[in-house]
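An overview of the molecular structure
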Amino acid sequence: MKIGIIGLPQSGKTTIFSLLTGIEVDPYAPIHQKGVAKVHDKRVDVLSKMYNPKKTTYATLEFYDTPSLDPSDKKSRTQVFNMVQNADALLLVLRAFENESVVFPENAENAFKQLRSALDEFIFRDLEVVSNRIDRLENAKRKLDNREEMELKLLRGLREVLENEEFLSKYDLTEDQKKLISSYSLVTLKPLIVAVNLDEKQFTNKSYPEKEKVLSQVKAYNFAYIELCGLMEKEIQELAEEEREEFLKDLGVEESGIERLSRVVYNQLGLISFFTVGPDEVRAWTLKKGSTAVEAAGVIHSDLARGFIKAEVIKYEDLINLGSEKEVKEKGLMKLVGKDHIIEDGDIITIRFNV
Ligand SMILES: Nc1nc2c(ncn2[C@@H]2O[C@H](COP(=O)(O)OP(=O)(O)OP(=O)(O)O)[C@@H](O)[C@H]2O)c(=O)[nH]1
Ligand SMILES: [Mg+2]
């Protein structure tokens, strides 16, 4: 999963990128930063204790830091949108934190204004792309083929949605329609997670200026939402483990930023985790909700999907409650399933295959 971090100037994008990936960013480094964050799933730790494997592997999320999305600078806007073209989702960072030495951009002095400003940029960008393509098709000096006729009709519909300041994610596109427009990487089709970057005081009070307005927009657009305390959480992250937990508790959070964010991302993108276990490796894998056993096998390795025979499935809860695989099997709780069986969050699976 690739997630592009995007937002107005000085909103805390790079700080949050560092918090999530643990990568210290040199302010003079080239702008396109990419980093991988481990999804700290406590179930993986529990399984790892149980199996004591040579290797424990968490699921990962890949983050991209981008330069400022500056409404007053058209060139930077194009650059930012090009960078997030291949992202599966966007993390929009809104600045709420007070910091006298960091100025707010003009007309964006609170989180709500930042949100509105960014959304307008997103909508405007897609409108530009869609309108250009419509013009090209309408002014073509030849007869359009069927596919182009279909595309033109669809684009006109999309243009109307955008002109009403709606996101295209609201529009229920069929798989065929998605294919027709896939090459345009429309921004407002991507799942969006709004991350409000708070200072410590706002974070402990759970409040910041114009919060109600932000929440009502988030709801109207069906975005995901998270509050982070970028700088503070990043400092805590750098502490030793025991100290870290204490500081987090003081701050009133049970889990680190990446733990909270991964949950939000998984929810918003409809993702689940399944596990593979054994003496060599305990590992978490990411899967789209509703995927089948053979699709899960394919996530592990294409050979496992190709040669798929059956999958053994154990529920994480059953394993923990009963204490061992043996007990689970004796209680008849291990299922042997075929290709089309739907895998659920927390399933521990072993693929039987033959290639
Ligand atoms: N007090 C406070 N300051 C913060 C917080 N997050 C970021 N800052 C400060 O705000 C400034 C900008 O932070 P960055 O993370 O570089 O913001 P950015 O969005 O990457 O900035 P650009 O890439 O220039 O658009 C830095 O001086 C940070 O130290 C926060 O949560 N609290
Ligand atoms: Mg930055």
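Since this is a predicted model, take the numbers as computed values, not measurements. (Residues numbered from 1 in each chain as written. Chains lettered and ligands numbered in written order. Predicted model: local features only at pLDDT ≥ 70, side-chain atom pairs only at ≥ 80, totals over all residues. Heavy atoms only, no water.)

1. Points about the site of ligand 1
Around ligand 1 sit 16 residues in total, of which G12, K13, T14, T15 and S68 are the nearest. A distance of 2.7 Å is found between an oxygen atom of ligand 1 and a side-chain nitrogen or oxygen belonging to K13. Within the side chain of T14, an N or O atom sits 2.8 Å from an oxygen atom of ligand 1. Put simply, the parts of the chain that give the shell around ligand 1 at least two residues each are helix 1 (13-21) and helix 9 (230-237). Tallied by class, the residues present in the shell around ligand 1 amount to five nonpolar, nine polar and two charged. (Near = heavy atom within 4 Å. Polar contact = N/O pair within 3.5 Å; in protein donor to acceptor, adjacent residues only side chain to side chain. Helix = DSSP H or I, 4+ residues; strand = E, 2+ residues; numbered from the N terminus. Nonpolar A, V, L, I, M, F, W, Y, C, P; charged D, E, K, R; others polar.)

2. Here we look at the UniProt feature "domain: TGS" (unreviewed entry) in the protein chain
The residues that UniProt annotates with the feature "domain: TGS" (unreviewed entry) are residues 270-353. Secondary structure content for residues 270-353 is 31% helix and 38% strand, and the end C-alpha separation is 28 Å. (UniProt positions renumbered as here; feature names shortened; annotations may be inferred.)

3. Concerning the packing of aromatic side chains
Counted according to the given criterion, the structure contains seven aromatic pairs. Judged by centre distance (5.2 Å) and plane angle (65°), the rings of F167 and Y221 are edge-to-face. Of this pair, F167 sits in the loop between helix 5 (146-163) and helix 6 (175-181) while Y221 sits in helix 8 (residues 211-221); the two residues are 54 residues apart in sequence, bridging distant segments of the chain. Pair check on accessibility: F167 and Y221 agree, each one buried. Ring geometry for F274 against W285: centres 6.4 Å apart, planes inclined by 15°, an arrangement best described as stacked. Note that F274 is positioned in strand 8 (residues 271-276) and W285 in strand 9 (residues 281-288), a separation of eleven residues in sequence. Taking the relative accessible area as the measure of exposure, F274 reaches 0% and is therefore buried. A relative accessible area of 10% means that W285 is categorised as buried. Counting every residue linked through ring pairs, the aromatic cluster contains F81, F122, F167, Y221 and F223. Of note, R43 hangs over the ring of Y316, and the distance from its end group to the ring centre comes to 6.0 Å. Of note, R95 hangs over the ring of F104, and the distance from its end group to the ring centre comes to 3.6 Å. (Phe/Tyr/Trp six-rings, centres within 6.5 Å; stacked < 30°, edge-to-face > 60°. Buried < 20%, exposed > 50% of the residue type's maximum accessible area, 1.4 Å probe, protein only. Lys NZ or Arg CZ within 6 Å of the ring centre and 35° of its normal.)

4. Examining the packing of helix 1 against helix 9
The relative placement of two packed helices is expressed as an angle between their axes plus a distance between the axes. Remark: helix 1 packs on helix 9, axes separated minimally by 9 Å, with the N-to-C direction vectors making an angle of 30°. Taken together, the axes of helix 1 and helix 9 lie roughly parallel to each other. Note that helix 1 runs across helix 9; the crossing there is left-handed. In this structure, helix 1 uses T15, I16, S18 and L19 to contact helix 9, whose residues at the interface are G230, L231, E233, K234 and Q237. Looking at side-chain class alone, the contact of helix 1 with helix 9 contains three nonpolar, four polar and two charged residues. (Axes fitted to C-alpha atoms, helices over the stretch in contact; angles between N-to-C directions. Parallel < 35°, antiparallel > 145°, perpendicular 65-115°, else oblique. Left-handed = near helix turned anticlockwise from the far one by under 90°. Contact = heavy atoms within 4.5 Å.)

5. Observations regarding the domain arrangement of the protein chain
Split by domain assignment, the protein chain resolves into domain 1 (2-267) and domain 2 (290-353). On a C-alpha basis, the centroid separation for the pair domain 1 and domain 2 is 33 Å. Residue-level contacts link five residues of domain 1 with eight residues of domain 2. Summing both partners gives a buried area of about 590 Å² for domain 1 against domain 2, and 63% of it is carried by carbon and sulfur. When the area that domain 1 buries against domain 2 is broken down by residue, the three leading residues are R43, M50 and Y51, summing to 72%. Scanning the region where domain 1 abuts domain 2 turns up one salt bridge. Summed over the shared surface of domain 1 and domain 2, the number is two residue pairs in polar contact (both at pLDDT 80 or more). Considered class by class, the residues forming the side of domain 1 that touches domain 2 number four nonpolar, no polar and one charged. (Domains from an automatic or database assignment. Buried area = accessible area lost by both parts, 1.4 Å probe. Salt bridge = Lys/Arg side-chain N within 4 Å of Asp/Glu carboxyl O.)

6. Focus: the nonpolar core
I6, L92, L119, F122, I181, V196 and V214 are the most contacted members of the largest nonpolar core, which has 54 residues in total. When contributions to this core are tallied by element, the ones reaching two or more residues are helix 3 (74-83), strand 5 (89-95), helix 4 (111-138), helix 5, helix 6, strand 6 (192-197), helix 8 and helix 9. Tallying contributions element by element places helix 4 first for this core, with eleven residues. Leaving out residues up to four positions away in the same chain, V214 has contacts with L94, A111, F112, L115, V196, Y208 and Y225. L91, A224, V264 and I314 belong to the second largest nonpolar core, which has 39 residues in total. (Core = buried A, V, L, I, M, F, W, Y, C linked by side-chain atoms within 4.5 Å.)

7. Quick word on the environment of K55
With respect to the helices, strands and loops of the structure, K55 is situated in strand 3 (residues 55-57). Sequence separation of K55 and R283 is 228 residues, and the distance between their C-alpha atoms is 8.3 Å. Setting aside chain neighbours within four positions, we find K55 in contact with D280, E281 and V282.

8. What to know about a nonpolar patch on the surface
A cluster of nonpolar side chains, contributed by V46, M50 and I320, occupies part of the molecular surface with about 200 Å² of accessible area. Assignment of secondary structure puts I320 in helix 14 (residues 316-322). Looking at I320, the relative accessible area reads 32%, which means it is partly exposed. (Patch = residues over 30% accessible without salt bridge, like charges linked within 9 Å, V, L, I, M, F, W, Y side chains within 5 Å. Areas by Shrake-Rupley, 256 points an atom, 1.4 Å probe, with all protein chains shown as cover.)

9. A few points about the environment of A297
On the secondary structure map, A297 appears in helix 12 (residues 293-300). A relative accessible area of 0% places A297 in the buried class. Considering only alpha carbons, one finds A297 and F97, 200 residues apart in sequence, at a separation of 45 Å. Ignoring any residue separated from it by four or fewer positions in sequence, one finds A297 in contact with L304, A305, F308 and I351.

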